[in-house]
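# Reading the structure
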Amino acid sequence: MAILLIGVSSSLISGSANLSGSIEWVFLMISLVANITAVTGLSLHVLVYLPMKKAQKDLKETFK
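Along each chain, numbering runs from 1 in the same order as the chain's sequence is written. Local features in a predicted model are, by the rule used here, given only for residues with pLDDT of at least 70; side-chain atom pairs are given and counted only at 80 or more, and totals for whole chains, interfaces and linings are based on all residues. Each side-chain value is derived from all of the structure's non-hydrogen atoms; neither hydrogens nor water enter the calculation.

## Examining the pattern of salt bridges
Just to be clear on terms, a salt bridge is a Lys or Arg side-chain nitrogen sitting within 4 Å of an Asp or Glu carboxyl oxygen. Counting across every chain of the model gives 1 salt bridge. Asp58 serves as the salt-bridge partner of Lys54, at 3.4 Å between the closest nitrogen and oxygen. Here the residue Lys54 and the residue Asp58 both occupy positions in helix H2 (residues 21–62), the gap between them amounting to 4 residues, near one helical turn. Burial here depends on accessible area, computed with a 1.4 Å probe over protein chains only, as a share of the maximum for the residue type. Under 20% is buried, over 50% is exposed, and the range in between is partly exposed. The exposure class assigned to Lys54 is exposed, which follows from its relative accessible area of 54%. On the accessibility criterion, Asp58 (34% relative accessible area) is partly exposed. Every helix listed is a DSSP run of H or I at least four residues long, and every strand listed is a run of E at least two residues long, numbered separately from the N terminus.

## Some details on the environment of Lys53
Residue position: Lys53 is located in helix H2. Distance from Lys53 to Ser14, taken between C-alpha atoms, is 39 Å for residues 39 residues apart in sequence.

Remember that the coordinates give geometry; whether it matters functionally is a separate question.
Structure, rendered in structure tokens:
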């Protein structure tokens, strides 16, 4: 979640502040990398980790 907040705040800073061109590009790149990382992490959590935990729980109940 923190990475997502960093990405969003970097995007807001680069879009709303009057910065020089190179600093604006730096904030834009930081926001892109942070947002892509956050989305990938959240997707893996929802699509891989949660189903694995459910399958593990079901497997434990089966072999009780």
